[in-house]
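Examining the three-dimensional arrangement
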Amino acid sequence: MENYYEKLVGLYEETKATYDKLNGLQSALDKKVSSIYHDIERSEFDSEGGHSYALKLKETLQYRRVIKDTLQQVSPVYTMLRDNIETVEERYTRATAKGYELRESLNVRMDIDEVLELIG
């Protein structure tokens, strides 16, 4: 039988990694936008140079928009998991310890997979 606690922890770790990666990418793109703005401020350019700056800025802003939208979709799941993983861990640990103690006191040596195989 599947261990849902381990799956939840795995989902949290995966979601956190995705959130951190997207957050880092958004930050890098913010810096790139700022750099383009500074280049524009410092430069003397003609219409061709201005067009080149505009295309570079537009491309960077579009990348940033996609990253930001995806980050906003991941954020609620990440926040919910982050805020609750500790409570789930505490409850899971208590339930596991209590179940172990009870099975030991009653001399039960089977696990759920064995029982399901025997009665299924």
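The coordinates are above.
A brief look at the structure comes next. Every value quoted in this text rests on a predicted model; they were computed, and no experiment measured them.

**So, the overall build of the protein**
- Looking only at helices and strands, the protein features three helices and zero strands.
- Written out in order from the N terminus, the α and β elements of the protein read α-α-α.
- In terms of C-alpha radius of gyration, the protein reaches 26 Å, well past the compact-globule figure of 14 Å for 120 residues.
- Principal axes of the C-alpha set define a box for the protein whose edges measure 85 × 30 × 15 Å.
- Looking at the protein as a whole, 18% of its 120 residues are labelled buried.
- Nonlocal contacts in the protein, meaning residues at least 24 apart in sequence, comprise 80% of its contacts between residues at least 6 apart.
- As displayed, the protein has an accessible area near 9400 Å², and 54% of this comes from carbon and sulfur atoms.

**Focus on a nonpolar patch on the surface**
- On the surface, a cluster of nonpolar side chains totalling about 930 Å² of accessible area is made up of Met-1, Leu-102, Leu-106, Val-108, Met-110, Ile-112, Leu-116, Leu-118 and Ile-119.
- Turning to its location among the elements, Leu-118 is positioned in helix α3 (residues 112–119).

**Some words on unusual backbone geometry**
- Phi is positive for Asn-107, close to 60°, though the residue is something other than glycine.
- Along the chain, Asn-107 turns up in the loop between α2 (47–105) and α3.

Calculation notes
- Residues numbered from 1 in each chain as written.
- Predicted model: local features only at pLDDT ≥ 70, side-chain atom pairs only at ≥ 80, totals over all residues.
- Heavy atoms only, no water.
- Helix = DSSP H or I, 4+ residues; strand = E, 2+ residues; numbered from the N terminus.
- Rg over C-alpha atoms; globule rule 2.2 N^0.38 Å.
- Buried < 20%, exposed > 50% of the residue type's maximum accessible area, 1.4 Å probe, protein only.
- Contact = heavy atoms within 4.5 Å.
- Areas by Shrake-Rupley, 256 points an atom, 1.4 Å probe, with all protein chains shown as cover.
- Patch = residues over 30% accessible without salt bridge, like charges linked within 9 Å, V, L, I, M, F, W, Y side chains within 5 Å.
- Salt bridge = Lys/Arg side-chain N within 4 Å of Asp/Glu carboxyl O.

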